[in-house]
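# Remarks on the overall topology
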Amino acid sequence: FRQGVTPLTYMTLGAELDREYFQTSTYRNGEETRFSAGFESDGFLKGYGRAGYRRLRPHDPSVPDYSGLFVSVGTNMTLRDRFQIGVNAKRGTEPSYREGVAYFDASGYGASLTYAMRPSISPRVGAGLYLADYTDGSAGLLPSALQYGVEKETRYDSGLRFDLGQSLSIDL
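This is a predicted model, so every value here is computed, not measured.

This paragraph deals with the pairing of strand E7 (residues 103-115). Sheet analysis places strand E6 (residues 83-95) next to E7, joined by 13 bridges and oriented antiparallel. Directly across from Arg 91, in E7, lies its bridge partner Ser 107. Pairing of E7 with strand E8 (residues 121-133) involves ten bridges; the strand directions are antiparallel. Bridge assignment links Ser 107 to a residue of E8, and that residue is Leu 131. Connecting E7 to the next strand, E8, in antiparallel fashion are five residues.

Moving on to the pattern of salt bridges. For the structure on display, the rule yields eleven salt bridges. A salt bridge links Glu 32 to Arg 34; the shortest N-O distance between them is 3.2 Å. Overall, Glu 32 belongs to the buried group, its relative accessible area being 8%. In this structure, the salt-bridge partner of Asp 65 is Arg 55, at a minimum N-O distance of 3.0 Å. Remark: Arg 55 occurs in strand E4 (residues 45-58) and Asp 65 occurs in the loop between E4 and strand E5 (66-79); sequence separation between them is ten residues. Residue classification places Asp 65 among the partly exposed residues on the basis of a relative accessible area of 39%. Within this structure, Arg 2, Glu 40, Asp 42 and Arg 50 form a network of salt bridges that share partners.

The rules behind the values
- Residues numbered from 1 in each chain as written.
- Predicted model: local features only at pLDDT ≥ 70, side-chain atom pairs only at ≥ 80, totals over all residues.
- Heavy atoms only, no water.
- Pairing = 2+ DSSP bridges.
- Helix = DSSP H or I, 4+ residues; strand = E, 2+ residues; numbered from the N terminus.
- Salt bridge = Lys/Arg side-chain N within 4 Å of Asp/Glu carboxyl O.
- Buried < 20%, exposed > 50% of the residue type's maximum accessible area, 1.4 Å probe, protein only.

Okay, here's the thing in structure tokens:
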């Protein structure tokens, strides 16, 4: 749900239900429910902020449920009608890919640069630093997770966006 507050500012409300199933890591099968509220701005300096509540319910009774808060923010601005510079940050709890570990506390930040070659074609590059913290017990982590400590991951990405009108685009 998105409601205009001013000509350039919107309040948002969201609700999501996600079911995940894994063939080789069945202990990770479960449902996730998310409720969020936030804002979006469409002025010279565009941005968003969202905070919410998340509940993870694994199907495996040996894996504890998790309930907690999450937050994400980001902003971007366009320079000279062609360059778009963006930054973002997030914090929350994520399902783990590690065997025997259900969740980890996730945080990170990133930046991106997009250049509009034509009005409908825009290549993008980005980089970010993301942390997976297995040491914080507040996420309902199993004791076996402590051996992993805090993992640091640097991500680099690129993409190409094709705008097919004002409300439709394809990102590769």
